[in-house]
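Geometric and topological summary
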Amino acid sequence: MVSHHPSVNLALHLTLHESLRFINLLDGIFLTPSEACYYNRQASLRLRAAPRAASCRTTKEVSLVDLSLSPAEAAFQQEFSTWLKANLPESQRAASLQGLSEEEGLKARRDWERTLGAGGWLGVSWPKEYGGRGATAMEQVIYLEELLAAGAPNAVDALGRGLVGPTIIDLGSDEQKQRFLPSLADGTAIGTLALLEDSDLLGPDGIALTGAEEGGGYRLTGAKRFVHDAGVATLFIVPFRAGGDIVFAVVQSSTEGVGSRSHHTMDETKRMGDLTLDNVLVTPDDVLAGAGDGASALARLLDLAAVAVTAEMIGAMDRAREITTQYAKDRIQFGAPIGKYQGVKHPLAEMYVDVETSRSLLYYAAWCVQEKPQDLPLATARAKAYASEAFTRIGIDGVQLHGAIGFTAEYDIQLYLKRSKWALPAFGDAEFHYERVASLGGY
Amino acid sequence: MDFKLTPDEEAFRDEVRAFAKENLSPEARKSPGFLANWLKKVREKRWVGFNWPEAYGGGGGGIMEQVILKEEMAKAGAPPLGLCLMGLQWVGPAIIEYGTEEQKQKFLPDILDSKYQWCTGYSEPGFGSDLASLQCKAVRDGDEYVINGQKIWTSIASWSKWMILLTRTDFNTADKHDGITCLLVEMDSPGIEVRPIKNMAGGSLFAEVFFENVRVPVENLLGDEGKGWAVTVSALAHERSGISEVAGLVRQLEKTVELAKHTRHNGRRASEQPSIRRRLAKADTIIEGMRLNGQRFLTKQLKGEPLSSETSINKLHRAFLAIEFGDLALEMLGNASQYLGSEDTSGVDQNLWPNGVLDWPTVVIGGGTPNIQRNIIAERILGLPKD
Ligand SMILES: Cc1cc2nc3c(=O)[nH]c(=O)nc-3n(C[C@H](O)[C@H](O)[C@H](O)COP(=O)(O)OP(=O)(O)OC[C@H]3O[C@@H](n4cnc5c(N)ncnc54)[C@H](O)[C@@H]3O)c2cc1C
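Calculation notes
Residues numbered from 1 in each chain as written. Chains lettered and ligands numbered in written order. Predicted model: local features only at pLDDT ≥ 70, side-chain atom pairs only at ≥ 80, totals over all residues. Heavy atoms only, no water. Helix = DSSP H or I, 4+ residues; strand = E, 2+ residues; numbered from the N terminus. Buried < 20%, exposed > 50% of the residue type's maximum accessible area, 1.4 Å probe, protein only. Contact = heavy atoms within 4.5 Å. Areas by Shrake-Rupley, 256 points an atom, 1.4 Å probe, with all protein chains shown as cover. Pairing = 2+ DSSP bridges. Core = buried A, V, L, I, M, F, W, Y, C linked by side-chain atoms within 4.5 Å. Axes fitted to C-alpha atoms, helices over the stretch in contact; angles between N-to-C directions. Parallel < 35°, antiparallel > 145°, perpendicular 65-115°, else oblique. Left-handed = near helix turned anticlockwise from the far one by under 90°. Domains from an automatic or database assignment. Buried area = accessible area lost by both parts, 1.4 Å probe. Salt bridge = Lys/Arg side-chain N within 4 Å of Asp/Glu carboxyl O. Polar contact = N/O pair within 3.5 Å; in protein donor to acceptor, adjacent residues only side chain to side chain. Nonpolar A, V, L, I, M, F, W, Y, C, P; charged D, E, K, R; others polar. Near = heavy atom within 4 Å. Expected span 1.5 Å × (residues − 1). Arc of directions from axis to C-beta. Disulfide = S-S within 2.5 Å.

Here we look at the overall build of chain A
When you go through chain A residue by residue, the secondary structure sums to twelve helices and nine strands. Burial statistics for chain A: of 443 residues in total, 58% are counted as buried. Summarising the internal contacts of chain A: among those between residues at least 6 apart in sequence, 71% fall at separations of at least 24. As displayed, chain A has an accessible area near 16,900 Å², and 54% of this comes from carbon and sulfur atoms.

Quick notes on the pairing of strand 5 (residues 245-252) of chain A
Counted residue by residue, strand 5 of chain A has six buried out of eight residues, so it is predominantly covered. Where strand 4 (residues 235-242) of chain A folds back on strand 5 of chain A, the antiparallel hairpin that results is connected by two residues, among which Gly243 of chain A adopts a positive phi of roughly 55°.

Concerning the nonpolar core
In globular proteins that are soluble, nonpolar side chains generally tend to be buried together. Counting residues in each nonpolar core, the largest one holds 130 residues, and the members touching the most others are Tyr143, Phe248 and Phe427 of chain A. Broken down by element, this core gets its largest block of residues, 18 residues, from helix 8 (residues 294-330) of chain A. In terms of nonpolar packing, the next biggest core, distinct from the first, is built from 74 residues, Val48, Val91, Leu108 and Leu166 of chain B among them.

A few points about the packing of helix 9 (residues 274-302) of chain B against helix 10 (residues 311-333) of chain B
Residue and element names in this part refer to chain B. Close contact between helix 9 and helix 10 brings their axes to 10 Å; oriented N to C, the two are set at 160°. Between helix 9 and helix 10, the angle is such that the two are roughly antiparallel. When the axes of helix 9 and helix 10 are compared, the crossing they make is left-handed.

Regarding the environment of Ser199 of chain A
All names here are of chain A. Topologically, Ser199 is positioned in the loop between strand 1 (191-193) and strand 2 (212-214). Since its relative accessible area comes to 44%, Ser199 is described here as partly exposed. Between the C-alpha atoms of Ser199 and Ala385, which are 186 residues apart in sequence, the distance is 20 Å.

A short note on the domain arrangement of chain B
All names here are of chain B. According to the domain assignment, chain B consists of domain 1 (7-82), domain 2 (118-227) and domain 3 (243-381). Between the C-alpha centres of domain 1 and domain 3 the distance comes to 26 Å. Each partner contributes to the interface: domain 1 provides eight residues, whereas domain 3 provides seven residues. Taken together, both faces of the contact between domain 1 and domain 3 bury some 630 Å²; the carbon and sulfur share is 79%. Considering only the side of domain 1, the residues that lose the most area to domain 3 are Ile63, Val67 and Ala74, jointly responsible for 56% of the buried surface there. Our count for the domain 1 to domain 3 interface comes out at zero salt bridges. Seen at the junction of domain 1 and domain 3, the total is one residue pair in polar contact (both at pLDDT 80 or more). A class-by-class count of the residues in the side of domain 1 that touches domain 3 yields four nonpolar, one polar and three charged.

Details of the site of the ligand
In the region of the ligand, 22 residues are neighbours, and Gln342 of chain A together with Ser123, Ser129, Trp153 and Thr369 of chain B sit closest. The residues that come close to the ligand belong to more than one chain, namely chains A and B. For the shell around the ligand, the secondary-structure elements that each account for two or more residues are strand 3 (144-155), helix 12 (360-364) and helix 13 (370-381) of chain B. A class-by-class count of the residues in the shell around the ligand yields ten nonpolar, twelve polar and no charged.

Quick word on helix 4 (residues 102-118) of chain A
Residues and elements named next belong to chain A. Over its 17 residues, helix 4 extends 24 Å from the first C-alpha to the last, a length consistent with the 24 Å expected when each residue adds 1.5 Å. Every buried residue belonging to helix 4 is among Gly105, Ala108, Arg109, Trp112, Glu113 and Leu116, and all of these are buried. What you see down the axis of helix 4 is that its buried residues fit within an arc of 145°, all on one side. Facing away from the buried side of helix 4 by over 90 degrees, the exposed positions are Glu103, Lys107, Arg114 and Ala118. Residues of helix 4 that are buried in the fold lie against helix 3 (71-87) and helix 5 (137-149). In the stretch just after helix 4, Gly120 is the one whose phi turns positive, near 75°.

Remarks on the domain arrangement of chain A
Residue and element names in this part refer to chain A. For chain A, the domain assignment lists domain 1 (2-68 + 295-440), domain 2 (71-185) and domain 3 (191-292). Across the contact, 28 residues belong to domain 1 and 19 residues belong to domain 2. Together domain 1 and domain 2 conceal approximately 1,900 Å² of surface at their shared face, both sides included; 63% is due to carbon and sulfur atoms. Along the contact surface separating domain 1 from domain 2 lie one salt bridge. Across the salt bridge formed by Glu145 and Arg359, the nearest N and O atoms sit 2.9 Å from each other. Counting across the domain 1 and domain 2 interface gives three residue pairs in polar contact (both at pLDDT 80 or more). In terms of residues, the side of domain 1 that touches domain 2 owes the most to one element, helix 8, which gives 13 residues. A class-by-class count of the residues in the side of domain 1 that touches domain 2 yields 18 nonpolar, four polar and six charged.

Some words on the sheet that holds strand 1 of chain A
All names here are of chain A. Strand order in the open sheet formed by three strands is 1-4-5, and the pairing between neighbours is mixed. Strands at the two margins of the open sheet, each flanked by one partner only, are strand 1 and strand 5. Averaged over all neighbouring strand pairs, the angle between strand axes comes to 30°, with direction disregarded. Bridge analysis of strand 1 against strand 4 gives three bridges, and the strand direction is parallel. Its bridge partner lying in strand 4, Gly191 is registered against Leu235. Across the sheet, helix 6 (residues 164-171) is in contact with strand 1, strand 4 and strand 5; its angle to strand 4 comes to roughly 50°. Across the face of the sheet, helix 8 comes into contact with strand 1, strand 4 and strand 5 while running at roughly 60° to strand 5.

Notes on the state of the cysteines
A full pass over the atoms with the stated rule returns zero disulfides over all chains. Sulfur of Cys119 of chain B: no disulfide; nearest cysteine sulfur belongs to Cys84 of chain B and is 10 Å away.

Focus on helix 9 of chain B
Helix length check: helix 9 of chain B, at 29 residues, gives a terminal C-alpha distance of 41 Å against a target of 42 Å (1.5 Å per residue), a fit within 8%. A positive backbone phi angle near 80° is found at Gly304 of chain B, which sits one or two residues after helix 9 of chain B.

Considering the pairing of strand 7 (residues 272-282) of chain A
Residues and elements named next belong to chain A. For strand 3 (residues 217-228) and strand 7, the ladder comprises eight bridges, and the chain directions are antiparallel. Counted as the bridge partner of Lys224 is Leu275 from strand 7. Note that strand 6 (residues 258-263) and strand 7 share six bridges and pair antiparallel. Note on strand 7: the bridge partner recorded for Arg261 is Asp274.

What to know about the sheet that holds strand 7 of chain A
Residue and element names in this part refer to chain A. Read across the sheet, four strands follow the order 2-3-7-6 without closing on themselves; strand pairing throughout is antiparallel. Whereas interior strands pair on both sides, the edge strands pair on one side only; in this sheet they are strand 2 and strand 6. For this sheet the average axis-to-axis angle between neighbouring strands, irrespective of direction, equals 20°. Pairing geometry for strand 2 and strand 3, over three bridges, is antiparallel. Paired with Glu214 across the bridge in strand 3 is Gly217.

What follows is the structure, given as structure tokens:
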């Protein structure tokens, strides 16, 4: 290469370190396009400089993943959203279920459940042989997003049919599947996860409940806390300690010694409560023996639950953003739609950034469920951490940007604020999951 | 949802990897003519201007291969493929799309060969974000344009041989985007004066550029007279996923983590401090979010859907990280952060941090400010009224 011009000679005569720094600086100047300005199209051909420090770890292998919906996934989404539009009556929307007693709420949710069941939209992730659709993890995410975006009630929330059935499918024997799945599938049973205890700590450390062995089975005395739908559930997945490991049992509400209590919750559509166990007999038939290493099974279950909650969050976040954006176009103050003012439009832009970034993180986690299980913990932690912070902001900004009407029970936006409050601690808050990101990242 | 690379693409990835391995060993990096050698070799491979037409020395490559090339190079910590950054990033692509045959022949090979630098004369003292209102005047006089006016913030103006310049040839248009004319100007033309500006970090990469009766031959008009705005916003089929940028950020995170492990802060190792851990984890998560956003953009592009304002999402994340990394390092280093070029006590190249901390405006302001990105998202994607 012959060079005549001083600038190239300059660059070539600098030490490598210096020239890289020079390039690095230049590179930084024109990083991403702003379409208002000249940067519009130039973000391509971007060249990154080498690292300045040699002491760093080698960059992790990153895989390219097609995060757009496949034709089958897009068709699934289309089918379900069309079905929802046609079949979710106003009277059954989550917004209409406020202020109902738990019984009335349950009835409404049951009605909705029947509608879903009749449409073949219950237990979508379950294998077809158990009455499901055999949906992939990605399709489940789509399913949850669509449900949430449509404002559907939680009759079939992620924790019930979405996780309990699959847990039995994964860990249960054939006999157990025959025994439990049909009633879960047709909605006569309501399943839930009873994982947390007084410590509110996720994972094996949070499980103090200990089984006393008896005749190949166990006796359980103690309590589980923060159990979703505790008051109405008929079937609980209960992990406990025994023989130095975590054991999973299916406990039915009809069993002697089983009690439950429901609490009023901030998000009225997300009821939680306690499960009390007073010398409850867990027969060998009720133990999900397929768990093998119970701690690992628990870890995976928690990740799946966090993915499911994150999917619900993104459906809700996106809907909150949409509602608020629409309001900003409609509401006139100072002679113009409030969305014209940057104090309004910029938080809306930030919502969009957060929703889309959460969605990318979630899609990848959902992809990992089946395709790359070894990446699931980190992918889940990132998605739930980011979405937890983002949804918290969106909930508050959504209400605030509505003005006083956002504070009314009549307007939907408050539902999303409450949902954000429910979602933050559910299956690990931002603090919890960012700490996981840190430890999984080796720092 | 998974996209597998085709066998051809896999083979290309292997080729790039092998090439990087062979040419980027620690010994090779230390050898005297390393950079010049490197540039020559990647040029021979036709990896510079990877998607440019082969007729002008480009590689004629596709988007997916381009991603692979950039990703692998970034992962290998490779030097750039060419030194003429602005030439490669937008001057070349603009010439490919709008240039005459003569302009293509004259300029494109030189850009690919890193022969000289181009600079970009867009911003003016009165018009930065509101670029389309620019006032630098060009008047047609026979076979020449005569330019009078001023540009500012022109990066590497003093080292450049050519400038891509936006002027106004018509001051009476209804729409400010009309009447803008794009000219290619030789920097040693009589009447040009470059005055470097020192920035707060001590560097003088950008400059003011003054034009007094500067004569530019008409053959250096790029695109049509009065239609220069289109030249600046033209959309060649670029790969815009930013995947290689992410590889750079991953390394910056790794360096910051390394710093945290080696620095004592408020009586304990910084990496043991929950607030620091959370900030590092958040940076990690945002980088991963950018990577995955980039993959979603990429799949859109591969399917032939136009990509527009979505890239503002990553630009906002990028701005956050530019400030966050510097401030995080500063906080960990405590008082020692104030010594520029201080003795290295941490085992990490500590004296780079204080400089880096002052460099963020390059990324945050230079590519269109965060507020402008938010306007773009709000107005173009969300459909909110313009203000
Ligand atoms: C390191 C560096 C290198 C550069 N290199 C080049 C170069 O090579 N060539 C070149 O032509 N230019 C270059 N620039 C200039 C760069 O493009 C401008 O600085 C940028 O477009 C912003 O313009 P401005 O500085 O005039 O700020 P202004 O536009 O005056 O903005 C000032 C502040 O007001 C805000 N603001 C402005 N308009 C709005 C609005 N409508 N809504 C909300 N907020 C608003 C901005 O966000 C900013 O915070 C460079 C800049 C930097 C920092």
